[in-house]
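What the coordinates show
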Amino acid sequence: MEDIIVIAEEFVKAELGKDSSGHDWHHIDRVRKNARLIWSKEKKGDWFIIEMAALLHDIPDDKLNESEEAGWAKLDSFLHSIQIENELVSKIKNCIETVSYKGGRVIELDSIEAEIVQDADRLDALGAIGIARTFAFGGKKGHPIYEPELNVRDQMTLEEYRQGDSSSVNHFYEKLLKLKDKMNTKHARQLAEERHRFMENFLDQFYSEWNGKA
């Protein structure tokens, strides 16, 4: 299986290596490291499925492709090329399908592997790394750092979440600060607590500087 992991790594590096929106190879590798850490504590799940899903989870992302259909076709083509068992392919794809936040959708996870990969990806949206990625993605999308006249959006369709007017600071309230309470595993919840507090402290300092008080 190690040969397949190496092939997957090279594929992802070729597809996402030059991304500047916070979804580059380093993000993928951090998600894998997060997943490994959670898996080592939970002591449940098939590591090969978790690792492959962590490596490939952004390949079909509609944000990074012409369409969601094109992204899934790309993933399917790769999985077909490495010739692994259909059961493994199905389990890897199931994990990937359930990773994305997509405006806060509620989706039932049916395996510990899916829970771990989703938690690992969400952890990379928190803390210092999460802050850096938020502003990288906002800049890529043409969003302002902060615009006080833009209200935080609560209920959104996926289209509104993807295309509506927002700011990088608003994104903390529309997604990031909600993630702590959406973790699936005990260890991810523990890691999320500290990273959540770090973001809250950052926002306190941000508003203080914005308003000329610091």
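Note that the coordinates shown come from a computational prediction; the quantities given were computed from them, not determined experimentally. Position numbers for residues start from 1 in each chain and track the written sequence from start to end. In view of the model being predicted, local features appear only for residues whose pLDDT reaches at least 70, and side-chain atom pairs are presented and counted only at 80 or more, with totals across whole chains, interfaces and linings using the full set of residues. Calculated side-chain values reflect all of the structure's heavy atoms, with hydrogen atoms and water omitted.

What follows is about the overall build of the protein. Secondary structure elements are taken from DSSP: a helix is a run of H or I of four residues or more, a strand is a run of E of two residues or more, and numbering for both begins at the N terminus. Helix and strand counts for the protein come out as ten helices and zero strands. Moving toward the C terminus, one meets the helices and strands of the protein in the order α-α-α-α-α-α-α-α-α-α. The globule rule puts the C-alpha radius of gyration for 214 residues at 17 Å, and the 18 Å found for the protein is close to it. If you line up the protein on its principal axes, its C-alpha atoms span 60 × 35 × 30 Å. A total of 214 residues make up the protein; the buried ones form 48% of that total. In what follows, residue pairs with any heavy atoms lying within 4.5 Å of each other are defined as contacts. Here the contacts in the protein between residues at least 6 apart in sequence split such that 64% fall between residues at least 24 apart. Total accessible area on the protein is roughly 11,300 Å²; 47% of this is exposed by carbon and sulfur atoms. Residues scored as positive are Lys and Arg, those scored as negative are Asp and Glu, and His as well as the terminal groups of each chain are ignored. Note that the charge is assigned to NZ on lysines, CZ on arginines, CG on aspartates and CD on glutamates. Put simply, the protein has 30 plus and 41 minus side-chain charges, and the middle of one group is 4 Å from the middle of the other. To get the radius of gyration, use the C-alpha atoms; to get the globule rule, take the number of residues to the power 0.38 and multiply by 2.2 Å. Each residue is assigned to one of three classes by its accessible area relative to the maximum for its type, calculated with a 1.4 Å probe on protein chains only: buried under 20%, partly exposed between the two thresholds, exposed over 50%. Method for areas: the Shrake-Rupley scheme with a 1.4 Å probe, in which residue coverage is limited to the protein chains shown.

Tracing the backbone shows His 23 in the loop between α1 (2–16) and α2 (25–42). Accessibility expressed as a relative area gives 8% for His 23, which makes it buried. Contacts described as polar in this section are N or O atom pairs within 3.5 Å, which, within protein, must combine one atom able to donate a hydrogen with one able to accept it, while residues neighboring in sequence count only if both atoms come from side chains. There is a polar contact of 2.9 Å between the side chain of His 23 and the side chain of Ser 21. Contact partners of His 23, with chain neighbours within four places excluded, come to Leu 16, Asp 58, Lys 63, Leu 64, Arg 133 and Phe 137.

Below, the discussion takes up unusual backbone geometry. One non-glycine residue, Lys 43, lies in positive phi territory at about 55 degrees. When you line up the elements, Lys 43 lands in the loop between α2 and α3 (47–56). Although it is not a glycine, Gln 83 adopts a positive phi angle of roughly 55 degrees.

Glancing now at the pattern of salt bridges. When a carboxyl oxygen of Asp or Glu lies within 4 Å of a side-chain nitrogen of Lys or Arg, that pair is called a salt bridge. Tallied over the full model, the rule gives 14 salt bridges. The salt bridge partner of Asp 124 is Arg 30, with a shortest N-O separation of 2.7 Å. Here Asp 124, found in the loop between α6 (112–123) and α7 (127–141), pairs with Arg 30, found in helix α2; they are 94 residues apart in sequence, far enough to count as distant. Three or more residues are tied together by salt bridges with common partners; here these are Glu 9, Asp 29, Arg 32, Lys 33 and Glu 51.

The next thing to look at is the nonpolar core. If you look at the biggest cluster of nonpolar residues, it comprises 55 residues, and the most contacted ones within it are Val 12, Met 52, Leu 56, Phe 78 and Ile 92. Sorting the residues of this core by element identifies α1, α2, α3, α4 (68–82), α5 (86–97), α6, α9 (168–174) and α10 (186–210) as the ones contributing at least two each. Beyond its immediate chain neighbours, meaning those up to four positions away, Ile 92 contacts Phe 48, Ile 49, Met 52, Ala 53 and Ile 84. Side-chain atoms within 4.5 Å are what join buried Ala, Val, Leu, Ile, Met, Phe, Trp, Tyr and Cys residues into a set we call a nonpolar core.

Glancing now at α5. Take the number of residues in a helix, subtract one, and multiply by 1.5 Å to get its expected span. If you check α5, its first and last C-alpha atoms are 16 Å apart, about what twelve residues at 1.5 Å a residue would give, namely 16 Å. Within the span of α5, buried status applies to Leu 88, Val 89, Ile 92, Cys 95 and Ile 96. For α5, the buried positions fall inside an angular range of 130 degrees around the axis, keeping them on one side. Across from the buried face of α5, at angles greater than 90 degrees, the exposed residues are Asn 86 and Glu 87. Where α5 is buried, its residues contact α3, α4 and α6. As used here, the arc belongs to the directions running from the helix axis to the C-beta atoms.

Another aspect to go through is α4. Given 3.6 residues per turn, any residue in an α-helix points the same way as the ones three and four places further on. With 15 residues, α4 should cover 21 Å at 1.5 Å per step; its first-to-last C-alpha distance of 22 Å lies within 8% of that length. Among all positions of α4, only Gly 71, Trp 72, Leu 75, Phe 78, Leu 79 and Ile 82 are buried. Along the axis of α4, the buried positions cluster into a sector of 125 degrees, meaning they face one direction only. When the buried face of α4 is taken as reference, the exposed residues oriented beyond 90 degrees from it are Glu 69 and His 80. Lining the buried residues of α4 we find α1, α3 and α5.

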